[in-house]
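Residue-level structural notes
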Amino acid sequence: MNNTNENYDIIGDIHGHASTLIQLLTDLGYERDEQGVFFHQERKVVFLGDFIDRGTEEALVINTVKPMVDNGHAFAVMGNHEFNAICYHTNHPETGEPLREHNYDRTNEHEAFLAEYPLGEETTTEVINWFKTLPIYLELDGFRAIHACWHEDTLEEIKPHLNPDNTLSNDLFIKASEKDSAEYDAIEILLKGIEISLPDGFQFSDKRGKVRTRTRIKWWKEGAKTYRDYSQVPKNQLHNIPDIVLPEATIDPEYVATNKPVFVGHYWFTGEPEKLKSNVACLDYSVANKEKLVCYRWNAGDTSLSNSQFVQVDCVENSNDLQ
Ligand SMILES: [Mn+2]
């Protein structure tokens, strides 16, 4: 894609917080056209996925983002929540069972979306069909975008199963819904990040209080030697992660500093936004936990990342939240 002369605003996970998104777009100088679609004369947005679940303005997020993409004012990649929604709302062609089981946990996680887009309704099908048009990654001249993890080997493995526009084929949704398949593992890595098992006897609580024995790793980190160095867990849980040296085989090739800059969302960071290393930035700062929505302003000609280019907006409470 020849886009060296374009300026981009890359925006992290929104999770149903449309009022906050609208505040951010306004702060960034975006205006509405006659149809109400946000645009900027000199810039385009790159959305990093996870538009839905958690917040109470799911439709307003979709009705803000989708027309921007349709009108060429934005690009968007798929998040794990869109992938999960597609599987929740799609039945297996042979068994007729949903690709993602409608059990209590999964329905509960998807509750905010279902409140606005009930199962089987026409508008729901339309939104799910739009999710299917989202590519799994975006590679522009200057930078890359993917929801959770840019992992070269996994991308190479999955490329033959992608459509020419990097969207997932219908077949891939089916295969990637079967645990233990190679496709399942690949989607887990790209959309949810790389996880490792902690040594026997160790566990921690995630941000929702669930006890876990596997941890997301800092795949971008160079020189990590121990489980504690390499684990991406809430700060108050770090003491539960052992300072034990990782087995040799666990250490995955990191995202080397000579690679093109990459933007991800997904990791529920808090505090002051900053790059993770010279060429990796995460833009998820937990708006879904009433924290911040974060953007990175990439200007034409940029070749590296700078902490001065982050823009943040505090979560805007909406009337539904106050009920
Ligand atoms: Mn995510």
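Since we're looking at a predicted model, the values are computed, not measured. (Residues numbered from 1 in each chain as written. Predicted model: local features only at pLDDT ≥ 70, side-chain atom pairs only at ≥ 80, totals over all residues. Heavy atoms only, no water.)

1. Considering the pairing of strand β1 (residues 7-11)
This is how the line gets drawn: The buried label applies to any residue whose accessible area, calculated with a 1.4 Å probe on protein chains only, is under 20% of its type's maximum; exposed applies above 50%, and partly exposed to all values in between. Think of it this way: any DSSP run of H or I at least four residues long counts as a helix, any run of E at least two long counts as a strand, and we number them from the N terminus. Here, a strand pair is defined by DSSP locating no fewer than two bridges between the strands.
Judged by how many residues are buried, β1 sits mostly within the fold: 5 of 5 residues are covered. In this sheet, strand β4 (residues 43-47) lies alongside β1 in parallel orientation, the contact comprising 5 bridges. Along β4, the bridge assignment pairs I10 with V46. Bridge analysis of β1 against strand β15 (residues 292-298) gives 4 bridges, and the strand direction is antiparallel. Bridge pairing in β15 places I11 opposite C295.

2. Remarks on the packing of aromatic side chains
Our working definition: The criterion for an aromatic pair is that two Phe, Tyr or Trp rings (for Trp, the six-membered ring) have centres within 6.5 Å, with stacked assigned to planes under 30 degrees apart, edge-to-face to planes over 60 apart and tilted to the rest.
Tallied over the full model, the rule gives 18 aromatic pairs. Ring centres 5.9 Å apart and planes at 70° place the aromatic pair F47 and F51 in the edge-to-face group. Given the relative accessible area of 0%, F47 is considered buried. Consider the rings of W219 and W220, whose centres lie 5.4 Å apart with planes at 80°: the pair is edge-to-face. Residues W219 and W220 agree in their burial class; the two are buried. Taken together, Y8, F75, F143, F263, Y296, W298 and F310 form an aromatic cluster joined through their ring pairs.

3. Some words on the coordination of the manganese ion
Test applied: Metal-coordinating donors are taken as N, O and S atoms lying within 2.8 Å of the metal, or within 3.2 Å when the metal is Na, K or Ca; because water is left out, some sites can appear incomplete.
Bound to the manganese ion are the protein donor atoms D50 (OD), N80 (OD1), H147 (NE2) and H266 (ND1), situated 2.1 to 2.2 Å from the metal. For D50, a relative accessible area of 2% translates into the label buried. The class of N80 is buried, set by a relative accessible area of 9%.

4. Regarding the UniProt feature "domain: Calcineurin-like phosphoesterase" (unreviewed entry) in the protein chain
Stated precisely, the cut-off is as follows: UniProt positions are given in the numbering used here, feature names are shortened, and annotations may be inferred rather than shown by experiment.
If you check UniProt for "domain: Calcineurin-like phosphoesterase" (unreviewed entry), the listed places come out as residues 10-175 in our numbering. Split by type, residues 10-175 is 40% helix and 12% strand. Its first and last C-alpha atoms lie 30 Å apart.

5. Focus: the domain arrangement of the protein chain
The cut-off we apply is this: Here the bounds of each domain stem from an automatic or database domain assignment. Note on definitions: a residue-residue contact is assigned when non-hydrogen atoms from the two residues lie within 4.5 Å. Take the accessible area each of two parts loses on contact, using a 1.4 Å probe, and add the two losses: that sum is the buried area. Any carboxyl oxygen of Asp or Glu within 4 Å of a side-chain nitrogen of Lys or Arg constitutes a salt bridge here.
Each assigned domain of the protein chain is listed here: domain 1 (7-192 + 259-322) and domain 2 (195-251). On a C-alpha basis, the centres of domain 1 and domain 2 stand 25 Å from each other. Contacts between the two partners involve 15 residues from domain 1, matched on the other side by 7 residues from domain 2. Approximately 1,100 Å² of surface area, both sides summed, lies buried where domain 1 meets domain 2, with 58% of it carried by carbon and sulfur atoms. Three residues, Y267, W268 and K277, lead the burial of domain 1 against domain 2; their summed loss comes to 39% of the area buried on that side. Taken together, the connections running from domain 1 to domain 2 amount to 1 salt bridge. Linking K277 and E222 is a salt bridge whose minimum nitrogen-to-oxygen distance equals 2.9 Å.

6. Quick word on the side chain of N80
For clarity, the threshold we go by: Here a polar contact is recorded for every N or O atom pair within 3.5 Å, except that within protein the pair must consist of a potential hydrogen donor and a potential acceptor, and residues adjacent in sequence are included only if both atoms are side-chain atoms.
Structurally, N80 can be placed in helix α3 (residues 80-88). Polar side-chain contacts of N80 include one of 3.4 Å to the side chain of H266. Apart from the residues lying within four places of it in its own chain, the contact partners of N80 are D50, H147, L191, K192 and H266.

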